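The residues making up each chain are set out below.
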Amino acid sequence: MRLSVIFINHNSQNGLRLALNTLFKARSTVDYEVIVVDNASTDRSLEMLAFEFPKVRVIANSAYRGISLAYNKAIRAAQGDYVLLLDPYVVTGADSLEKLVDFMDQHPLAGGTSVRLVNYKGDYLPESKHSLNKNWAAFFKLFGLGSYFPRSIPMHKRADWIEEFETSEVDVLHEDCMLLRRSALDTTGLFDERFSRFGHNIDLSYRLRREGFKTYYYSKTYIIQLPGKYLNKFSWEHIRHFYGAMFIFAAKYLFKLPVINLKDIGEIFPSQYEIE
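All values derive from a computational prediction rather than experimental measurement. (Residues numbered from 1 in each chain as written. Predicted model: local features only at pLDDT ≥ 70, side-chain atom pairs only at ≥ 80, totals over all residues. Heavy atoms only, no water.)

## Topic: the pairing of strand S8 (residues 177-181)
Inference 1: Burial runs high along S8: five of the five residues are buried.
Inference 2: As paired strands, strand S6 (residues 110-119) and S8 are joined by two bridges and run antiparallel to one another. Looking at S8, one finds that glycine 112 is bridged to leucine 180. (Buried < 20%, exposed > 50% of the residue type's maximum accessible area, 1.4 Å probe, protein only. Helix = DSSP H or I, 4+ residues; strand = E, 2+ residues; numbered from the N terminus. Pairing = 2+ DSSP bridges.)

Written out as structure tokens, the structure reads:
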């Protein structure tokens, strides 16, 4: 099988329904399977999947396990030469699957690629090419890690900083759309499950490039990003996971320290989610 398309769902029934409908209606000659990992949804997502998409392979977690663990579970079950990780709140372009697989076939050193993202109004989203937000960029600058992300943290103004239609190498694959080469994952290993909500794409992209693979932004097709559900940036959940991911990255690569799992932090500061 050429491709495994994977979604992680947590109470995103409406977005997932639209994402699956557009995926199945897209014109594609690519042989692919679809896997959905449900992270203990309470919005009847499982019933919707069983009734409307009986051919989709569903892996149901009994509790919220985090994004990285869920992706790893799906990747281990996947049969494709490539795995495409999609957010439930995206609409697939009509030719996206075929073009992305063709691009990877033509670039054997590519470990992964992201794609041009546009919002529901059709506006280009620059973060699809430069996936580090200002907080992560500031963090890497502060700790002297900017040289590891030269295309995301420019030392001077770049002419191609928000170029939409130029396919190029990037430092970080965008978390909403990552096409990964299975053989590259066999070399690097899967997602580090300590990155429960944020930073999983940054860590994996860094490991891919460190092992000699290239990571790309592919501009010849698109994915539409829909308004979705996001944690309140001032909530404890967001602060714990977002800044905790930075701590994990620094401890792992900069200070070479044993990394405290967020589960341990959760035992001190209880969460509504169970983290593994």
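Resuming the write-up.
## With respect to the packing of aromatic side chains
Aromatic ring pairs are described here by two measures, namely the spacing of the ring centres and the angle between the planes.
Inference 1: The final tally for this structure, using the stated rule, is five aromatic pairs.
Inference 2: Among the aromatic side chains, those forming a connected cluster through ring pairs are Phe103, Tyr216 and Tyr218. (Phe/Tyr/Trp six-rings, centres within 6.5 Å; stacked < 30°, edge-to-face > 60°.)

## Let's talk about the packing of helix H1 (residues 13-25) against helix H2 (residues 45-52)
Inference 1: Running from N to C, H1 and H2 point in directions that differ by 25 degrees, and their axes come no closer than 10 Å. Looking at the two axes, H1 sits roughly parallel to H2. Note on packing geometry: the crossing formed by H1 with H2 is right-handed. Between H1 and H2, the contacting residues are Gln13, Leu16, Arg17 and Leu20 on the first element and Ser45, Met48, Leu49 and Glu52 on the second.
Inference 2: Residues of the contact of H1 with H2, tallied by class, amount to four nonpolar, two polar and two charged. (Axes fitted to C-alpha atoms, helices over the stretch in contact; angles between N-to-C directions. Parallel < 35°, antiparallel > 145°, perpendicular 65-115°, else oblique. Left-handed = near helix turned anticlockwise from the far one by under 90°. Contact = heavy atoms within 4.5 Å. Nonpolar A, V, L, I, M, F, W, Y, C, P; charged D, E, K, R; others polar.)

## Notes on the environment of glycine 212
Inference 1: Following the sequence through the fold, glycine 212 ends up in the loop between helix H7 (200-210) and strand S9 (214-225).
Inference 2: Judged by relative accessible area, which is 47%, glycine 212 ranks as partly exposed.
Inference 3: Taking C-alpha positions, glycine 212 is 8.7 Å from glycine 111, a pair spaced 101 residues apart along the chain.

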